[in-house]
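Secondary and tertiary structure notes
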Amino acid sequence: MPRVLLIEDDPSVREGVELGLRRRGHEVRAAATGEAGLAALAAFRPDLLLLDLMLPGMNGVQVCRQVRERSQLPIIMLTARGDDFDVVIGLEAGADDYIVKPARTEVIEARIRAVLRRLDDGGTGRPAVEVHGALTIDRTGLTVTKAGRPLALAPSELKLLLHLSAAPEQVFSRQQLLEHVWEHSYHADARLVDACVARLRGKIEDEAGSPRYVQTLRGFGYRFGPL
């Protein structure tokens, strides 16, 4: 089972989430502050980080940015209702998904599994290694290089790229991408898609403002190419 690092300052939420995940077989380490959580990363080596946005001292967005500077560890943010602005900032900082508190343990575990789930070629029969201009996508090794240089892609960024590039020139709506990449089924999370596209473009495009690979069709959605 995935090892989970939980950073949450509310004792009742921290204890509830920790207990629920332990009962389902997860190894969990909990921290009450961002500083303590960052200190625990190297020793605990989690598979995923559950990160509260509203932390004392170093807040969740700052923690997320620090983690992303050195790691592509999957990150799910925990947020209270009404924190829409902070959610957007957190997604832009590199979080892969978010959960609104309070949430049942089965919901949290489902999101954990969705973020960690590996993507294959989806039955498309596409080759394991594809070259698209300067990009080389290895679907078996789950790696991406640009002009021979490895790119550090967060899980949501990699999943999005794999999904779009599996069907070049096909347009996907935000709702379709939510369902296939994030395994969400409700429209309110379109910002997950937009934030992830922006981060992905910043890594794979020569000019994020004039994308060559991940293109926008206004009013319809996104597509990969044509190159």
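Remember, predicted model here, so these are calculated numbers, not experimental data.

Looking at the UniProt feature "modified residue: 4-aspartylphosphate" (unreviewed entry) in the protein
With numbering aligned to this structure, UniProt lists the feature "modified residue: 4-aspartylphosphate" (unreviewed entry) at Asp52. Structurally, Asp52 is set in strand 3 (residues 48-52). Setting aside residues up to four positions removed in sequence, Asp52 forms contacts with Ile7, Glu8, Asp9, Gly60, Leu78 and Lys101.

Side note on the environment of Glu205
Along the polypeptide, Glu205 turns up in the loop between helix 8 (190-204) and strand 10 (214-217). According to the relative accessible area criterion, Glu205 is buried, its value standing at 6%. Separated by 16 residues in sequence, Glu205 and Asp189 place their C-alpha atoms 24 Å apart. Excluding its chain neighbours within four sequence positions, the residues that come into contact with Glu205 are Lys146, Pro211, Arg212, Tyr213 and Val214. Within the structure, the side chain of Glu205 is placed 2.6 Å from the backbone nitrogen of Arg212, a separation counted as a polar contact. Within the structure, Glu205 has its side chain in polar contact with the backbone nitrogen of Tyr213 (distance 2.9 Å).

Considerations on empty space enclosed by the protein
Gaps left between atoms show up when a probe the size of a water molecule is rolled over them. Applying the stated rule across the entire model yields 1 cavity of 30 Å³ or more. Every residue along the wall of the largest cavity is listed here: Asp96, Asp97, Ala114, Val115, Pro155, Ser156, Lys159, Val181 and Trp182. Of all the secondary structure elements, the ones that give two or more residues to the lining of the largest cavity are helix 5 (105-116), helix 6 (155-165) and helix 7 (174-182). No other element matches helix 6, which puts 3 residues into the lining of the largest cavity. The residue makeup of the lining of the largest cavity, split by class, is 5 nonpolar, 1 polar and 3 charged. When residues are assigned to domains, the lining of the largest cavity turns out to be shared by domain 1 (3-116) and domain 2 (129-224), each giving three or more.

Topic: the packing of aromatic side chains
Within the structure shown, the criterion is met by 1 aromatic pair. The ring of Phe44 has Arg3 sitting right over it, with the charged end atom 4.4 Å from the ring centre.

Things to note about the side chain of Ser156
Mapped onto the fold, Ser156 is located in helix 6. Judged by its relative accessible area of 5%, Ser156 falls in the buried class. Dropping the residues within four chain positions of it, Ser156 is found in contact with Ala95, Asp96, Val181, Trp182, Cys196 and Arg199.

Observations concerning the packing of helix 6 against helix 8
Following both chains from N to C, one finds helix 6 and helix 8 inclined at 85°, their axes separated by 10 Å at the closest point. The orientation of helix 6 with respect to helix 8, classified from their angle, is roughly perpendicular. Contact residues: helix 6 offers Ser156, Glu157, Leu160 and Leu161, while helix 8 offers Cys196, Val197, Arg199, Leu200, Lys203 and Ile204. Here the contact of helix 6 with helix 8 is built from residues that sort into 6 nonpolar, 1 polar and 3 charged.

Quick word on the pattern of salt bridges
Within the structure shown, the criterion is met by 16 salt bridges. For Arg117, the salt bridge is made with Glu183, and the minimal N-O distance between the two is 2.5 Å. One end of the pair, Arg117, is in the loop between helix 5 and strand 6 (129-132); the other, Glu183, is in the loop between helix 7 and helix 8, and 66 residues separate them in sequence. In this structure Glu183 comes out as partly exposed when scored by relative accessible area, which is 40%.

Examining the environment of Ser173
Within the secondary structure layout, Ser173 lies in the loop between helix 6 and helix 7. For Ser173, a relative accessible area of 23% puts it in the partly exposed group. When the C-alpha atoms of Ser173 and Tyr222 are compared, they prove to be 6.5 Å apart, with 49 residues separating the residues in sequence.

A look at the sheet that holds strand 1 (residues 3-7)
The strand order across the open sheet built from 5 strands is 2-1-3-4-5, with neighbouring strands paired in parallel fashion. Looking at the sheet topology across the chains shown, the edges are occupied by strand 2 (27-31) and strand 5 (97-101). The average undirected angle you get between the axes of adjacent strands in this sheet is 20°. Bridge analysis of strand 4 (residues 75-80) against strand 5 gives 5 bridges, and the strand direction is parallel. Counterpart to Thr79 in the pairing with strand 5 is Val100. Its contacts with the sheet put helix 1 (residues 11-23) on strand 1, strand 2, strand 3 and strand 5, and the angle it makes with strand 2 is roughly 170°. Seen against the sheet, helix 5 touches strand 1, strand 3, strand 4 and strand 5 and runs at an angle of roughly 175° to strand 5.

Conventions used here
- Position numbers for residues count from 1 along each chain, tracking the sequence in the order it is written.
- Per-residue local features are limited, in this predicted model, to residues with pLDDT of at least 70; the limit for side-chain atom pairs, both in listing and counting, is 80 or more; totals at the level of whole chains, interfaces and linings are taken over all residues.
- As a convention, hydrogens and water are excluded, and side-chain values are obtained from all of the structure's heavy atoms.
- UniProt positions are given in the numbering used here, feature names are shortened, and annotations may be inferred rather than shown by experiment.
- Segments assigned H or I by DSSP are reported as helices when at least four residues long, segments assigned E as strands when at least two residues long, and all are numbered from the N terminus.
- Contact definition: two residues touch when any of their heavy atoms are within 4.5 Å.
- Using a 1.4 Å probe on the protein chains alone, a residue whose accessible area is under 20% of its type maximum counts as buried, one over 50% counts as exposed, and one in between counts as partly exposed.
- Counting of polar contacts relies on pairs of N or O atoms within 3.5 Å, with two restrictions inside protein: one atom must be capable of donating a hydrogen and the other of accepting it, and residues adjacent in sequence are counted only when both atoms are side-chain atoms.
- For each structure, a 1 Å grid was placed over the protein atoms alone; sets of points admitting a 1.4 Å probe that cannot get out are labelled cavities, open sets with protein on both sides within 12 Å along at least five of seven lines are labelled pockets, and lining residues have an atom within 4 Å of a point.
- Grid points are joined across faces, edges and corners, and a volume is the space filled by probe spheres set on the points.
- In the scheme used here, Gly and all other residues not listed as nonpolar or charged are polar, with Ala, Val, Leu, Ile, Met, Phe, Trp, Tyr, Cys and Pro taken as nonpolar and Asp, Glu, Lys and Arg as charged.
- Annotation comment: domain bounds sourced from an automatic or database domain assignment.
- Pairing of aromatic side chains requires ring centres within 6.5 Å, counting the rings of Phe and Tyr and the six-membered ring of Trp. Pairs whose planes differ by under 30 degrees are stacked, by over 60 edge-to-face, and all others tilted.
- Lysine and arginine charges are scored as sitting over a ring when NZ or CZ, respectively, is within 6 Å of the ring centre and within 35 degrees of the ring normal.
- In this description, a line fitted to the C-alpha atoms serves as the axis of each element, helices being fitted only across the stretch in contact, and the angle between N-to-C directions of two axes falls anywhere from 0 to 180 degrees.
- Any angle that falls under 35 degrees is termed roughly parallel, while one over 145 is termed roughly antiparallel, one within 65 to 115 roughly perpendicular, and all others oblique.
- Counted as salt bridges are all cases of a side-chain nitrogen of Lys or Arg within 4 Å of a carboxyl oxygen of Asp or Glu.
- Two strands qualify as a pair provided that DSSP identifies no fewer than 2 bridges between them.

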